Amino acid sequence: MFYLARVIFVMPEFLKLPVTSLRRRVDLTNLTFCAEESVGLLGQTRAQHALAFGIAMKTFGYNIFVMGDPGFGRISLVYETLTKHAKHQVSPASYAYVDNFDQPREPLALALPTNIGHQFNKDIESLLDALLVIFPVAFESPVYQQKKNAIERQFTQFYDQAISLVELQALASGIAVFKESDVISYAPIRDNVPLSDELLAQLPKAERESFYEQVRLLEDYLSDQLLNLPQWRRDMAEQIKQLNASVVCHAIAPLFTELHVKYQDIASVSAYLTEVERHLNLTIANNFMPGLPFDEQEPRLKKAALMEQYAPNILFNHELEKGAPVIYEPHPLYQNVFGRIEYSSDQGAMITNYRRICAGSLHKANGGYLILDAEKIIANPYVWDALKRALKQGSIEIESPFSEVSIQTMTLKPEIIPLQVKIILVGTAESYYLLEEYDEEFNELFKVLVDFDHAITLTEQTITHFAHLIKHHAETAQLLPITNAAIAQLLEHSCRLSEKQHKFSARIKDILDCVDEADLLSRLTLRDQIDVDDIEQALAAKEYRNGKVSQTILDDMLDGTILIDTEGEAIGKINGLTVLEMGGSGFGMPARITTTVSPGSRGIVDIEREAELGQAIHSKGVLILTGYLGHFYAQHFPLAISASIAIEQSYSFVDGDSASLAELCSLISALTGVAIKQALAITGSINQYGEVQAIGGVNEKIEGFFRLCQARGLTGQHGVIIPAANSSNLMLKKEVIDAVEKNLFAVYAVSTVNEALELLTGEIAGLPDKEGKYPEQSINYKAISRLKEIAEIAAEDDKEEE
């Protein structure tokens with residue numbers, strides 16, 4: 001049975017929040033600015049201390065993970081801090097790849113002192129330019145030609161002596177010997193005159209056969225005399241080769257002497273110059289001799305060919321005065337981080353050499369600091385594993401990331417370069433905990449966590465810093481001057497974003513975007529400065545741009561498509577408050593929650609959960625209701641109830657426990673038959689002892705219900721009930737505050753379920769006496785009576801079944 005009698009109850013005014021508590025006001029009228037004041041990162045003291053510690057630690061594994069949401073100034077803090085610190089460090093060595101003349105597929109890495117790389121490359125280029133001037137002119141000098149002709153004459157003398165002996169032997173046999181080029185021919189002599197081929201053919205057969213036999217004997221003799229001809233040729237070629245080498249050596253010696261003196265203190269460079277000097281002997285002899293195809297090419301092509309073979313490939317060249325490098329890699333693909341080898345097509349074949357080795361960001365940051373986006377590192381294949389391997393091994397190896405899946409694209413194996421770098425990963429909390437959970441090596445390599453605060457406490461120092469940051473942005477971006485009142489409005493909006501009256505949001509980027517938008521609106525209205533009205537219009541314009549869905553839902557409520565009552569009373573029906581987040585924006589909206597109760601022992605059925613729409617936290621909130629009923633109402637009899645709770649016209653996933661207070665009040669209303677005022681809406685979570693707990697999105701929830709009530713017409717009875725713990729989170733809009741000030745709308749803050757019940761029903765909830773009994777006609781008394789009645793019905797049913 002229901003208890004319908006009502007007790008006259010006066011609304012507890014102390015639960016109504018005053019206007020002054022609905023929004024934090026900031027007054028910057030007397031704020032002054034100092035031109036010399038530095039603009040750095042706003043707040044984040046903890047993060048700055050952690051970053052300084054991570055930079056100072058040189059031990060292996062003390063790499064840094066900077067954790068925070070985008071817009072917090074993470075990369076700005078890291079880059080500025082590292083840049084200031086790096087200026088005071090010693091600039092690291094530069095590196096270059098050069099040709100390995102003995103193993104061309106394995107280019108050598110040269111470590112070069114700071115600021116030497118480009119100069120070394122220019123010196124090699126100057127050396128090659130000098131070679132093009134000296135050769136092949138050096139081979140055309142009279143001295144060289146005389147020595148070469150002498151060697152060739154010696155070979156000719158050996159050859160002529162052999163032919164002379166054959167000629168003497170032939171004359172003795174009456175045969176003439178003819179030499180034309182390298183061809184030897186014979187003819188019989190008659191009357192001291194060699195016979196022609198026609199006359200030879202007219203000789204008798206016997207004479208001809210005798211002649212041929214003598215020629216055969218002469219050829220055998222000639223072969224014996226020329227038996228050493230190949231050796232003579234080899235000796236001549238070797239002597240010419242030695243002559244060429246001597247000419248090259250004497251010609252280039254002065255060029256290399258100067259370079260050896262200049263780089264005598266750099267062992268790797270000195271060794272490379274020695275190898276170049278040795279290898280040039282062969283290159284010049286094979287390519288720069290007069291008459292060779294290479295000699296006929298244009299000087300430009302000659303130089304390009306020499307540069308491809310001898311010029312160093314400077315991967316990176318650190319400058320002396322800049323200290324340690326600080327590199328930010330915005331696009332960390334494998335090739336961008338670890339370097340790559342490029343290829344060119346030559347008649348359909350892909351070719352490469354050491355000159356096509358390209359440095360990655362790890363090479364450029366070697367000896368300094370490398371900043372990477374954690375989310376991008378995780379998303380790009382092979383990068384994370386390769387980065388860990390490089391840190392553990394202390395070296396950079398340029399290799400194909402696809403070698404493990406048998407896609408071979410490498411033709412070079414460059415020498416490994418030693419690595420000494422501090423990695424700074426910048427990412428969200430989700431990325432940090434993902435890596436920590438799934439990679440056992442993560443904590444060994446990234447021992448320093450720089451955790452950014454989501455909100456910054458309002459102090460005189462932070463307020464001044466905030467204002468100076470806004471002023472600085474307006475000046476550097478060439479915006480209109482901004483007033484102190486406009487800055488105060490921005491600071492209040494930042495507090496709203498943080499949902500705290502004593503703190504403002506660390507997402508300064510959102511505030512700077514608002515300044516940019518306000519500047520446009522101010523210019524369109526031909527103003528000469530950005531004032532409060534411009535800020536308010538910019539915020540309103542952004543809300544309007546993103547407000548299509550919220551306006552559609554409001555229209556559906558107004559035309560009755562979505563059932564939400566804002567006047568009258570109803571049993572088992574209550575207006576809950578929700579926040580709907582879509583993309584980068586969110587808005588509040590009321591939602592009808594209904595409850596039905598009947599005898600039985602099914603317990604409290606969460607329809608959202610049964611329909612697989614209720615998520616874990618929401619389901620937990622509903623389960624707490626059973627604990628509340630048992631603790632307050634069923635201490636002397638078993639709790640037997642069948643109840644169903646639903647968020648009406650909800651067709652998407654529901655999560656969070658902020659509706660648990662509304663669900664409990666709706667359940668008690670359905671249980672006791674006490675009606676709930678539909679002019680009120682409520683939000684809050686509860687525990688099993690009836691204490692009301694804080695929730696999120698309180699401003700959006702209040703404003704969502706206010707918009708509906710305002711559209712239907714405010715009567716002075718409308719209001720919302722929120723947890724008292726959320727009072728410090730209120731940063732409501734001006735229109736809501738104005739309505740509260742005119743007593744057209746109210747905001748109530750409750751700490752217990754009883755306070756909420758009394759506001760919603762206008763009846764006394766009731767407190768237990770020393771014996772644990774509630775006053776008659778109180779809501780709690782009615783709830784116990786009804787539950788006891790249901791328990792008795794359930795007990796009788798059980799007896800009948802037995």
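What you see is a predicted model, and the numbers here were worked out from it, not measured in a lab. (Residues numbered from 1 in each chain as written. Predicted model: local features only at pLDDT ≥ 70, side-chain atom pairs only at ≥ 80, totals over all residues. Heavy atoms only, no water.)

**Here we look at a nonpolar patch on the surface**
Turning to step 1, where the next piece is worked out: A cluster of nonpolar residues, L165, L168 and L171, forms a patch on the protein surface that exposes about 300 Å² of accessible area.
Turning to step 2, where the next piece is worked out: Relative to the helices and strands, L168 is located in helix α4 (residues 142-172). (Patch = residues over 30% accessible without salt bridge, like charges linked within 9 Å, V, L, I, M, F, W, Y side chains within 5 Å. Areas by Shrake-Rupley, 256 points an atom, 1.4 Å probe, with all protein chains shown as cover. Salt bridge = Lys/Arg side-chain N within 4 Å of Asp/Glu carboxyl O. Helix = DSSP H or I, 4+ residues; strand = E, 2+ residues; numbered from the N terminus.)

**Quick word on the pairing of strand β24 (residues 642-647)**
Turning to step 1, where the next piece is worked out: The element β24 is largely enclosed, with a buried count of 6 among its 6 residues.
Turning to step 2, where the next piece is worked out: Of the two faces of β24, the one holding S642, S644 and A646 and the one holding A643, I645 and I647 are both buried throughout. (Buried < 20%, exposed > 50% of the residue type's maximum accessible area, 1.4 Å probe, protein only.)

**Details of the pattern of salt bridges**
Turning to step 1, where the next piece is worked out: Scanning the entire structure with this criterion turns up 28 salt bridges.
Turning to step 2, where the next piece is worked out: The salt bridge partner of R496 is E703, with a shortest N-O separation of 2.7 Å. Of this pair, R496 sits in helix α17 (residues 484-498) while E703 sits in helix α24 (residues 698-712), placing them 207 residues apart in sequence.
Turning to step 3, where the next piece is worked out: For R496, a relative accessible area of 14% puts it in the buried group.
Turning to step 4, where the next piece is worked out: Taken together, the shared-partner salt bridges in this structure form one network comprising D385, K388, K392, D439 and E441.

**Quick look at α24**
An α-helix turns once every 3.6 residues. As a result, residues three or four positions apart point the same way.
Turning to step 1, where the next piece is worked out: A rise of 1.5 Å per residue sets the reference length of α24, with its 15 residues, at 21 Å; its end C-alpha atoms lie 22 Å apart and thus fit the reference within 8%.
Turning to step 2, where the next piece is worked out: Of the positions making up α24, those classed as buried are V698, N699, K701, I702, E703, G704, F705, F706, L708 and C709.
Turning to step 3, where the next piece is worked out: Of the residues one or two after α24, G713 is the one with positive phi, at around 110°. (Expected span 1.5 Å × (residues − 1).)

**Structural notes on the confidence of the model for the protein chain**
Turning to step 1, where the next piece is worked out: Chain-level statistics for the protein chain give a pLDDT mean of 84 and a share of 90% at 70 or above.
Turning to step 2, where the next piece is worked out: No element of the protein chain has a lower mean pLDDT than helix α21 (residues 607-610), at 64, and none a higher one than strand β29 (residues 719-723), at 96.
Turning to step 3, where the next piece is worked out: Low pLDDT, under 50, characterises residues 1-8; the stretch is placed with 21 contacts to residues that sit more than four places away or in other chains. (pLDDT = per-residue confidence, 0-100. Contact = heavy atoms within 4.5 Å.)

**Side note on the state of the cysteines**
Turning to step 1, where the next piece is worked out: Taken as a whole, this structure holds 0 disulfides when the rule is applied.
Turning to step 2, where the next piece is worked out: For the unlinked cysteine C495, the closest cysteine sulfur is that of C514, found at 14 Å.
Turning to step 3, where the next piece is worked out: No disulfide involves C709; its nearest neighbouring cysteine sulfur is the one of C665, lying 18 Å away.
Turning to step 4, where the next piece is worked out: On the accessibility criterion, C709 (0% relative accessible area) is buried. (Disulfide = S-S within 2.5 Å.)

**Regarding the nonpolar core**
Turning to step 1, where the next piece is worked out: Counting residues in each nonpolar core, the largest one holds 54 residues, and the members touching the most others are I424, V450, F466, I470, I482, L490 and F504.
Turning to step 2, where the next piece is worked out: The residues contacting I424, other than those within four sequence positions of it, are I64, V66, V78, L82, Y369, L370, I371 and L372.
Turning to step 3, where the next piece is worked out: Membership of the second largest hydrophobic core comes to 48 residues, among which are I593, I645, L667 and L680. (Core = buried A, V, L, I, M, F, W, Y, C linked by side-chain atoms within 4.5 Å.)

**What about helix α3 (residues 117-134)?**
Turning to step 1, where the next piece is worked out: With 18 residues, α3 should cover 26 Å at 1.5 Å per step; its first-to-last C-alpha distance of 26 Å lies within 8% of that length.
Turning to step 2, where the next piece is worked out: Burial in α3 covers these residues: G117, F120, N121, D123, I124, L127, L128, A130 and L131.

**Observations concerning the sheet that holds strand β5 (residues 183-190)**
Through backbone hydrogen bonds, the strands of a sheet pair up, either in parallel or in antiparallel fashion.
Turning to step 1, where the next piece is worked out: Here we have 3 strands laid out as an open sheet, ordered β4-β5-β6, and antiparallel in their pairing. Looking at which strands have only one partner, the edges of the open sheet turn out to be β4 (175-180) and β6 (193-194).
Turning to step 2, where the next piece is worked out: Note that β5 and β6 share 2 bridges and pair antiparallel. Counterpart to R190 in the pairing with β6 is V193. (Pairing = 2+ DSSP bridges.)

**Brief notes about unusual backbone geometry**
Turning to step 1, where the next piece is worked out: Here the phi dihedral of N115 falls at roughly 70°; this positive angle occurs in a residue that is not glycine.
Turning to step 2, where the next piece is worked out: Looking at the element boundaries, N115 is found in the loop between β3 (108-112) and α3.
Turning to step 3, where the next piece is worked out: Among the residues examined, N115 registers a relative accessible area of 39% and is labelled partly exposed.

**Here we look at the packing of aromatic side chains**
Turning to step 1, where the next piece is worked out: Overall, the coordinates contain 18 aromatic pairs when judged by the stated rule.
Turning to step 2, where the next piece is worked out: Measuring from ring centre to ring centre gives 6.2 Å for W384 and F442, while their planes differ by 45°; the resulting arrangement is tilted. Of this pair, W384 sits in helix α13 (residues 383-393) while F442 sits in helix α15 (residues 442-445), and the two are 58 residues apart along the sequence. Just as W384 is buried, F442 falls in that class too.
Turning to step 3, where the next piece is worked out: On the numbers, 4.5 Å between centres and 35° between planes, the contact of Y628 with F632 is tilted. Of the two residues, Y628 and F632 are both situated in helix α22 (residues 616-633); the distance of 4 residues between them amounts to about one turn of the helix.
Turning to step 4, where the next piece is worked out: Using a relative accessible area of 2% as the deciding quantity, one classes Y628 as buried. (Phe/Tyr/Trp six-rings, centres within 6.5 Å; stacked < 30°, edge-to-face > 60°.)

**Considering the sheet that holds strand β2 (residues 94-98)**
Turning to step 1, where the next piece is worked out: Read from one edge of the open sheet, 3 strands run β3-β2-β7, paired in antiparallel fashion. The sheet is open, and its two borders are formed by β3 and β7 (313-316), each paired with just one other strand. When strand polarity is set aside, the average angle formed by the axes of neighbouring strands in this sheet is 30°.
Turning to step 2, where the next piece is worked out: Across 3 bridges, the pairing between β2 and β7 is antiparallel. Within β7, the residue paired with A96 across the bridge is I314. (Axes fitted to C-alpha atoms, helices over the stretch in contact; angles between N-to-C directions.)

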